[in-house]
Every structure is written in structure tokens, then in C-alpha cells.
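Breakdown of the fold
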Amino acid sequence: MIFVVMAYLWAAILLYILLGGADFGAGIIELFTSEKNKAYTRNTMYQAIGPIWEANHMWLIIAIVVLFVGFPEIYTTVSTHLHIPLVIMLFGIIARGTAFTFRNYDAVKDNMQKVYNRIFVYSSFVTPFFLGVIAGSAVSGRIDPGANDFLNAYVYTWFNWFSVTVGFFTVAICGYLAAIFIIGETDDDKSRVRFIRKAKQMNVAAAVFGALVFWAAHAENIPLDKWMFDNPTGIIAIIAAVLSLVLLWYLLLQKGKVIIIRVLAGFQVTMILLAITIRHYPNIVILKGGKYLSLLEHAGQEKTIYSLGMALLLGSILILPALFYLLYSFRKGEAIEH
Amino acid sequence: MNDFLAARSQMALSLGFHIVFSCIGMVMPFFMAVAHFLYIRTGNDVYKNITRAWSKGVAIFFATGAVSGTVLSFELGLLWPEFMKHAGPIFGMPFSLEGTAFFIEAIALGFFLYGWGRFNPWFHWITGVVVGISGLVSGILVVAANAWMNSPAGFDFVNGQYLNIDPIKAMFNDAWFSQALHMCIAAFAATGFAVAGIHALMILRRRNIAFHTTAFRIPALFACIAALLQPLSGDISAKDVAHRQPAKLAAMEAHFKTEAASPLVIGGIPDPVAKEVKYGLEIPGLLSFMVYGDFHTPVTGLDQIPENDQPPIAITHYAFQIMVGLGMVMLLIAVCYFVAIIKKKSWLRMPWLLRLFVIATPMGFIAVEAGWTVTEVGRQPWIINGVMRTADAVTPMPGIAYSFYIFTAVYISLSLIVTFLLYRQIRMVPEIYDIQTPAL
């Protein structure tokens, strides 16, 4: 059952990056859109994510519940030593979730809209940035459960080049996913061209920050290149990601392959996550001094894992059909009335 | 402010904030389902407009409740890592199920809010009901997890080790039912009185009377039924607490001395040093009767509890008195309302009845906050009753006071914005939801 639980944890993280990421990306795209196109972008995005955005963020809850029920030591170590970025991320989640809803449900559309918009776009940037920082810090080897002074125990754990570059990389990935997603949501050629350009920019940004992540890893003595390239799965995953990227751009130049393009973008992110995680499986957090927190060694007792696994299996029977029907019902072209 | 107090305050603030939104998220869907049902059945547009007006409010409250709930799932670890390290695997079962319930709620809400004119009306209606049911189930599950902290079960505590963990037993601990029942009824009473009170105020101000009168009836009926039932569930809860957590009951009642024919103390100022209650009204034997059903059996007093195991007496006692007092007022209003709808129809047109509802607008929520204060402060100094002390669970990170100040600022701003949005929704009723009947 432990492997079922681990699979769910991985899937929840992946789906949060893909769906929640595209959702964050909507705000990032809006942030980097010129004033005159902002309203159109915003409206297209709202049409696309309005009904599903709450569901997109449930994956984070699933991941966090799996962690604190099944792997309490991992959950508490991370939340103690990454307290500060977690709190900032939480403020981002609060600001973004409420601003998105408030701007759509304010009965009077006046200057307050500008306030909501501003909060929404900035928090759409800050939240995934700190999510990336947290993810980077978890594998950076900077977390030291024995540290006594404030800076080493609570600040340098995440305030380092590696974590910060991973943060920017995450933001770029979110923007890329959202841009690819929104291409399929628009019909007129001008907007299509504009969103394709946005996707290109985000793609370039992701590549640049990806390179910077490797540079930072090298500078901080984190063997990232080894993790990704010294095992066949990692190499195959990275090659697959690159090939699918080439295919994606080839297809983008032709019209109408919306679903394939989205699947390819999702596939790339999946491969990247796979390449990062497979090498140090089952370790999920790398501590200072080469120690690890492992999903196998630091799991809860057998009965806990069993009932957690059953709850997840039961949950997916209920959730997945409903979620697919929701996505299907509000697919493109079905304008929403509210 | 020291870090321990700051951590407790931040947790109390976050829970106290979240509970308002979760109550509304749990209960409003049922009000909407009734109005929506009446619309589909009668085709009367007033019902449709009421449903849509409420659904806007629900969207605002749901989003705020969803983010504040997300924050809580992290705060458990941010503030109480030592607690979560041991408790997570034991009381996590209801949380893992709650994840599903919450997910279903979010999906159903997407269907409901954006589904107007898109689906079969009855499918659309059912998605609204599913929002309510999954919200209620979420609430029950989370309360079951809290109940475990009051009534730990499903593990053996041997030499500081948590052995033989059984998450199912932990979920169905002795307190889950009485606490969940009390909370569900409280949610209906609090939300019902709040919504009914706002519509009553609008009727008194003679705005869109037909719309607001129709809208008033649905929450008022739910609220009044809940207010009648709540004392009964309160009685079950109190007997339960007396049995499992005598220290909490003694603090609630400011009951210092264990003696035969224990008196019930109403009001008063407890003095923990002199171990007595000043200016309180004492009814001899009544506490014994309420707990044991006879007027003689002594009820455990604070004198039987070691001093360092006693909860803060004054706060627990005041909070309890506030909750019970407001409960009684709501009960009286409910009785008046039932007399009005069954016997004296003329009362329904009387401004004083509506005024009572206006006064009661915040009462349910104040009572909910007071009730949670009793539950949580009354459990101190324990985080897991009798097993782990709250002070041993707190995060080692210094500077929590700053985090508390920032959270306070954030939650105050959010409360202000939500109030502002609600005010705008209500002010826009004539333009958006009730165009046919002009304001008088």
C-alpha cells in the first residue's frame, strides 16, 4: 500500500504543477501582457479557468494531507525549516484565491477591479515562485535539523542561489503551460499569434532559468547534473522532453492540434519531474551532511498507510469521473453565463 | 508577546476566521437548494433571483474559506510540528477523507455556479445539493479530528511512544458524534440567523419587499429549527465533557469545589486565587442534575484537578456563558417565530419580530466563536488531552509574534473586503436580482 500512497503523492504533485501551474500561469501571462491586450487576455483566461480553478488547487491539499498523515516527519521537518517561504507562499495563495473571486463577484465593476487585478497578477507570480523555492530547498541539502542559530536553521535553508533559480524556473514553466493552454482557447488569428509569441517567450525563459538552475547547483555543490544524467531513466526522460518540445513547435505552426499540443506540454513537465525525482527515490528531502528523509523509512505505521491508501483510492473513484465531466462540460466554445 | 502565546493566538485567529466561512459554505447551499427547488417547481423568477443572489455570496465565502482552510493545513505543521509528527498518522484519517469531500465540493460548485442554462435543471439542482452535502461531510470530518484531541483514541501511549495506531478507531473517538452534531446544528443556526437578519433589515427599510420577504423565510425556518434543537445537543455535549474532561466542565461552570448537590453558577466573575465566583447566581443542585440526572451526586470541581493541569478558568467560563446566553436568546426568537407561523399569522407583519431577527444577525456566529473558545481553551494545557502538552508541541522557530501580527493584518483586511463585497451585493439587489419590483 505504501507504493499506492507514494504514487498518489507523486501524481498529486504533478497534477498540481500542471493544472495549478497553468492556473498560476494565467496570472503570469496577464502580468506580462501589454496594457491594451490585458482585458482580452484576462477575459479569455477567465472563460477557460473560471469553473475549474478551485479544483485545480485541490491537488496541493491532497499532497499536503498525504504528507502529514503518511510521512509526518517529512512534513514537520520541512514546515519547521522552511517556515518563512511557506508562510509567504500561503499569503500568495490567500491573495490570489480571493482576488480572483472578488474581481468576478464584485457586484459593482469600478476602480476596485484594478486593485483586484494587481493583487491577482502579483500573487500569481509570488506563489509559484515560492513553491519553486520550497521544492528547490527540499533537495538542496541545506536543511540542517541540528542547526541552532536562526540564519542557518531558518533562512539559508531556502535563501540560496539554487532555491531562488528553481523558483524562477517554476514561474517560467507555469507561464509556458498557461500560454500553451490559452492558444487553444482563442479563435481569431491575431490573438493566436500573440499567444504563440507568449508561449515562445515563456519557453525561452524556462530554458534560460533551467540553465541557471544548473549553474546555481554547480556553484552550491549540488550534484544536479549527476541526478539527471547518470541514470538511463533520467537521460531518456530528458531526451523525450526535448523531442516532444521540437514536435510541439512544429505542430504549433499548423492550426487545430490543440489537444496534442497540450498533451505534449504536459508530457514535457512530467518528464522533467520524473528526471528530477527518480534518481534519489525514495528520498524526498535531502538534508545537510548527506542525510535523507525517505518515503520508505520515514513513513507512518502500516495501518496508517493502509487506511490512507484506501481513502485515496476511494476518493479517486468519486473525484476523477466528476472532474473529467467538469473539464468536458466547460471545454472551449461553451461561453459561460454567470 | 512570547512565541508560545503568539503561536496559540495565530492558530486561534486562523481557526476563528475559517469557521465563519466554513459554516456559511456548509449551510448556504441548502438554502439555495430550497430556493432553487421552488424555482424549478413553480417557475417563479423571484426564487431564481434569490438563488443567484445567494450563490454570488457563496462564491465569495467559499473562495475565502478554501484559502483559509489551505492555510490551516499548513499551519498545523508550521506552528505545531511536534504535535503533527505524532498525531498526523493517528488522526489523519478524517483529513484524508475530507480532502475528497472538499474536492467534490469544489467540482460541484464549478458545475453549480457556472451551470445556469447549460444543464438539465434537475442535474444543475443536484450539483447544488452535492455542494451542501460534501460541505457538511467535510465539516463533520474536521470536527471528528478535533474531537480526537479532546478524546484521544486509536493508539497506545507507552513510555512516550505512540504504538498500535488504529486510524479508524481514532476517527470514531468518543467525542466525534456529540461534537459534530453540536457543530452542524450551530452552523445552521448561525448562518440562518445571519442571512435572515440581513433580509429582515432590508424589509424593515422597505427595499424590494417581495424579494426580501421570500428570501427571509428560508433561512429563518432553518435557523429556528436549529435553535430549538441546539439545547438538546448541548446537553449531550455537556454530559459527554463531564464524563471525559472533568477539568473542562469545571472551568466552563467555574465549579471550584467538589461537593454534593453541586450548584449551577450563572454569570459572575471567577476568582482563581480565592477559588470562588463573585456576583454569580447559584442554583444549588442544578449542575448535579444536569450532569447526572439527580440533585445530589457531586460533580468534579477544580479542587480535584492538579493546578498545572487546569485550563484558564475565566476565559472558559465567560465564553461558555456567552454561548449559552446567546443560545437562549435564539431559542426565544425561534419560539416567537413558530408561534407566529402556526398560531398568530398577524405577528409576521409586525416590525418587532423582524427587529428581533435583525438583532440576532451576529448572535449565532458569536456563539460559534465562543463555543470553540470553550472547546479549545478548555482543553488547555493539553493539545492531546492527557497525552501531550500544547507547550511541548510548539515550533522551535523564534519570532512567531511577527508572523501573528502579519496574519492578523491579513485577516482583518480580508474581513473588511468580504464585508464590503457583501454590502455591494445587497445594495445592487434592485439592479441585478429584483428588477421587476421597484424599490418602494
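Since the model is a prediction, treat every value here as computed from it, not as a measurement.

When helices and strands are counted, chain A shows 14 helices and two strands. Here chain A has a C-alpha radius of gyration of 20 Å; the compact-globule value for 338 residues is 20 Å, and the two agree. Across the 338 residues of chain A, 59% fall into the buried class. Long-range contacts, defined as pairs at least 24 residues apart, comprise 78% of the intrachain contacts of chain A with a sequence gap of at least 6. The average position of the 25 basic charges and that of the 20 acidic charges among the side chains of chain A differ by 8 Å.

Counting its secondary structure elements, chain B contains 15 helices and eight strands. Considered along the principal axes of its C-alpha atoms, chain B spans approximately 70 × 45 × 40 Å. Out of the 440 residues belonging to chain B, those deemed buried represent 58%.

A few words on the environment of valine 142 of chain B. All names here are of chain B. Note on placement: valine 142 falls in helix H4 (residues 121-150). Since its relative accessible area comes to 33%, valine 142 is described here as partly exposed. Through-space distance from the C-alpha of valine 142 to that of glycine 92 is 9.8 Å; in sequence the pair is 50 residues apart.

What the rule picks out here adds up to 13 salt bridges over all chains. One salt bridge in this structure joins arginine 424 of chain B and aspartate 106 of chain A, with 2.7 Å as the shortest N-O distance. Of this pair, arginine 424 of chain B sits in helix H14 (residues 400-427) while aspartate 106 of chain A is found in the loop between helix H6 (83-105) and helix H7 (112-140), placing the two residues in two different chains. We note that arginine 424 of chain B, like aspartate 106 of chain A, is buried. For arginine 142 of chain A, the salt bridge is made with glutamate 220 of chain A, and the minimal N-O distance between the two is 2.8 Å. In this pair, arginine 142 of chain A sits in the loop between H7 and helix H8 (150-155) while glutamate 220 of chain A sits in the loop between helix H10 (189-219) and helix H11 (224-229), placing the two residues 78 residues apart along the sequence. You can call glutamate 220 of chain A buried: its relative accessible area is 13%.

Attention now goes to the packing of aromatic side chains. Summed over the entire model, instances satisfying the criterion amount to 53 aromatic pairs over all chains. Ring centres 5.4 Å apart and planes at 85 degrees place the aromatic pair phenylalanine 68 of chain A and phenylalanine 95 of chain B in the edge-to-face group. Here phenylalanine 95 of chain B lies in helix H3 (residues 81-114) and phenylalanine 68 of chain A lies in helix H4 (residues 58-70), a pairing that spans two chains. Chaining the aromatic ring pairs together yields one cluster made of Phe68 and Tyr75 of chain A together with Phe83, Phe91, Phe95, Trp148, Phe155, Phe157 and Tyr162 of chain B. The cationic tip of arginine 194 of chain A hangs over the ring face of phenylalanine 195 of chain A; the distance from NZ or CZ to the ring centre is 5.1 Å. Above the face of the tryptophan 116 of chain B ring, arginine 52 of chain B is positioned so that its terminal group lies 4.9 Å from the ring centre.

Below, the discussion takes up the interface of chain A and chain B. By a widespread convention, an interface's size corresponds to the accessible area lost as its parts come together. Across the contact, 63 residues belong to chain A and 69 residues belong to chain B. Overall, the association of chain A and chain B removes approximately 6,000 Å² of surface from exposure, summing both partners, and the carbon and sulfur fraction of that is 75%. Among the residues of chain A in contact with chain B, His83, Phe102 and Tyr105 of chain A are the three that bury the most area, contributing 11% of the side total. Our count for the chain A to chain B interface comes out at three salt bridges. At the junction of chain A and chain B, the tally comes to 13 residue pairs in polar contact (both at pLDDT 80 or more). Secondary-structure elements contributing two or more residues to the side of chain A that touches chain B are helix H3 (53-56), H4, helix H5 (72-81), H6, H7, H8 and helix H14 (302-329) of chain A. Looking at the side of chain A that touches chain B, its residues break down into 42 nonpolar, 14 polar and seven charged.

Attention now moves to the nonpolar core. The nonpolar side chains of a soluble globular protein tend to be buried with one another. Judged by nonpolar contacts, the single largest core of 213 residues is most densely connected at Phe71 of chain A together with Trp54, Phe83 and Trp148 of chain B. Considering each element in turn, this core owes the most residues, 17 residues, to H3 of chain B. Among all residues touching tryptophan 148 of chain B, those that are not within four sequence positions of it are Phe83, Ala87, Ile90, Phe91, Ala153, Phe155, Ala170, Asn173 and Ile384 of chain B. Core analysis: the second largest hydrophobic core is formed by 35 residues, Leu249, Leu264, Ile333 and Ala370 of chain B among them.

All names here are of chain B. Relative to the assigned elements, threonine 51 resides in helix H2 (residues 45-79). Judged by its relative accessible area of 0%, threonine 51 is buried. If near-sequence neighbours (up to four positions away) are discounted, threonine 51 is found in contact with Met32, Ala35, His36, Phe112 and Trp116.

Moving on to a positive patch on the surface. All names here are of chain A. A cluster of basic side chains, namely Lys36, Lys190, Arg197 and Lys200, defines a positive patch on the protein surface. Among the elements that make up the positive patch, the one with the highest residue count is H10 (three residues). Within the secondary structure, lysine 36 sits in helix H2 (residues 35-49).

Residues and elements named next belong to chain B. The omega torsion across glutamine 380 and proline 381 is 5 degrees, close enough to zero to call that bond cis. Here proline 381 is to be found in the loop between helix H12 (363-377) and strand S7 (382-384). Positive phi, close to 50 degrees, is recorded for asparagine 164, a residue that is not glycine. Checked against the element boundaries, asparagine 164 lands in the loop between strand S2 (161-163) and helix H5 (167-171). Owing to a relative accessible area of 54%, asparagine 164 belongs among the exposed residues under this scheme.

Let us look at the packing of helix H1 (residues 3-42) of chain B against helix H7 (residues 209-244) of chain B. Residue and element names in this part refer to chain B. With their axes 10 Å apart at the nearest point, H1 and H7 run at an angle of 130 degrees to one another. Taken as axis vectors, H1 and H7 run oblique relative to one another. As H1 runs across H7, the sense of the crossing is right-handed. For the pair H1 and H7, the contacting residues are Phe31, Val34 and Ala35 in the first and Ile218, Pro219 and Phe222 in the second. Classifying every residue of the contact of H1 with H7 by side-chain character gives six nonpolar, no polar and no charged.

Here we take up the confidence of the model for chain A. Per-residue confidence for chain A averages 84 on the pLDDT scale, and 96% of its residues sit at or above 70. Confidence, expressed as mean pLDDT per element, reaches its minimum in chain A at H3 of chain A with 75 and its maximum at H7 of chain A with 90.

Next up on the list: the confidence of the model for chain B. Residue and element names in this part refer to chain B. Taken over all residues, the pLDDT of chain B has a mean of 89, while the share at 70 or more is 99%. The element-level mean pLDDT for chain B is lowest in helix H15 (residues 429-432), coming to 75, with H12 highest at 95. Scored by ipTM, the complex comes to 0.87, with pTM at 0.90.

Turning our eyes to something else, we now look at the packing of H2 of chain B against H14 of chain B. All names here are of chain B. Relative orientation of the contacting elements H2 and H14 amounts to 170 degrees, with a least axis distance of 10 Å. Our classification of the angle between H2 and H14 gives roughly antiparallel. Across from Lys56, Ile60, Phe61, Thr64, Ser68, Val71, Glu75 and Leu79 in H2, the residues of H14 making contact are Ile400, Phe407, Tyr411, Leu414, Val418, Leu421, Leu422 and Gln425. Residue composition of the contact of H2 with H14, grouped by class: 11 nonpolar, three polar and two charged.

Moving on, we come to a nonpolar patch on the surface. There is a patch of nonpolar side chains on the surface, built from Trp161, Val204, Val208, Leu212 and Trp215 of chain A and spanning about 520 Å² of accessible area. For valine 204 of chain A, a relative accessible area of 52% puts it in the exposed group.

This part takes up the pairing of strand S1 (residues 283-286) of chain A. Residues and elements named next belong to chain A. Across three bridges, the pairing between S1 and strand S2 (residues 292-294) is antiparallel. When the bridges of S2 are listed, asparagine 283 appears paired with serine 294. Joining the antiparallel neighbours S1 and S2 is a turn of five residues, in which glycine 289 adopts a positive phi near 80 degrees.

This part is about H10 of chain A. Think of an α-helix as turning once every 3.6 residues; residues three or four places apart then point the same way. Over its 31 residues, H10 of chain A runs 45 Å from end to end, which matches the ideal 45 Å to within 8%, given 1.5 Å per residue. Note on H10 of chain A: the residue one or two positions beyond its end, asparagine 221 of chain A, has a positive phi of about 60 degrees.

Cut-offs applied
- Residues numbered from 1 in each chain as written.
- Chains lettered and ligands numbered in written order.
- Predicted model: local features only at pLDDT ≥ 70, side-chain atom pairs only at ≥ 80, totals over all residues.
- Heavy atoms only, no water.
- Helix = DSSP H or I, 4+ residues; strand = E, 2+ residues; numbered from the N terminus.
- Rg over C-alpha atoms; globule rule 2.2 N^0.38 Å.
- Buried < 20%, exposed > 50% of the residue type's maximum accessible area, 1.4 Å probe, protein only.
- Contact = heavy atoms within 4.5 Å.
- Lys, Arg positive; Asp, Glu negative; His and termini not counted.
- Charge placed at Lys NZ, Arg CZ, Asp CG, Glu CD.
- Salt bridge = Lys/Arg side-chain N within 4 Å of Asp/Glu carboxyl O.
- Phe/Tyr/Trp six-rings, centres within 6.5 Å; stacked < 30°, edge-to-face > 60°.
- Lys NZ or Arg CZ within 6 Å of the ring centre and 35° of its normal.
- Buried area = accessible area lost by both parts, 1.4 Å probe.
- Polar contact = N/O pair within 3.5 Å; in protein donor to acceptor, adjacent residues only side chain to side chain.
- Nonpolar A, V, L, I, M, F, W, Y, C, P; charged D, E, K, R; others polar.
- Core = buried A, V, L, I, M, F, W, Y, C linked by side-chain atoms within 4.5 Å.
- Patch = residues over 30% accessible without salt bridge, like charges linked within 9 Å, V, L, I, M, F, W, Y side chains within 5 Å.
- Areas by Shrake-Rupley, 256 points an atom, 1.4 Å probe, with all protein chains shown as cover.
- Axes fitted to C-alpha atoms, helices over the stretch in contact; angles between N-to-C directions.
- Parallel < 35°, antiparallel > 145°, perpendicular 65-115°, else oblique.
- Left-handed = near helix turned anticlockwise from the far one by under 90°.
- pLDDT = per-residue confidence, 0-100.
- Pairing = 2+ DSSP bridges.
- Expected span 1.5 Å × (residues − 1).

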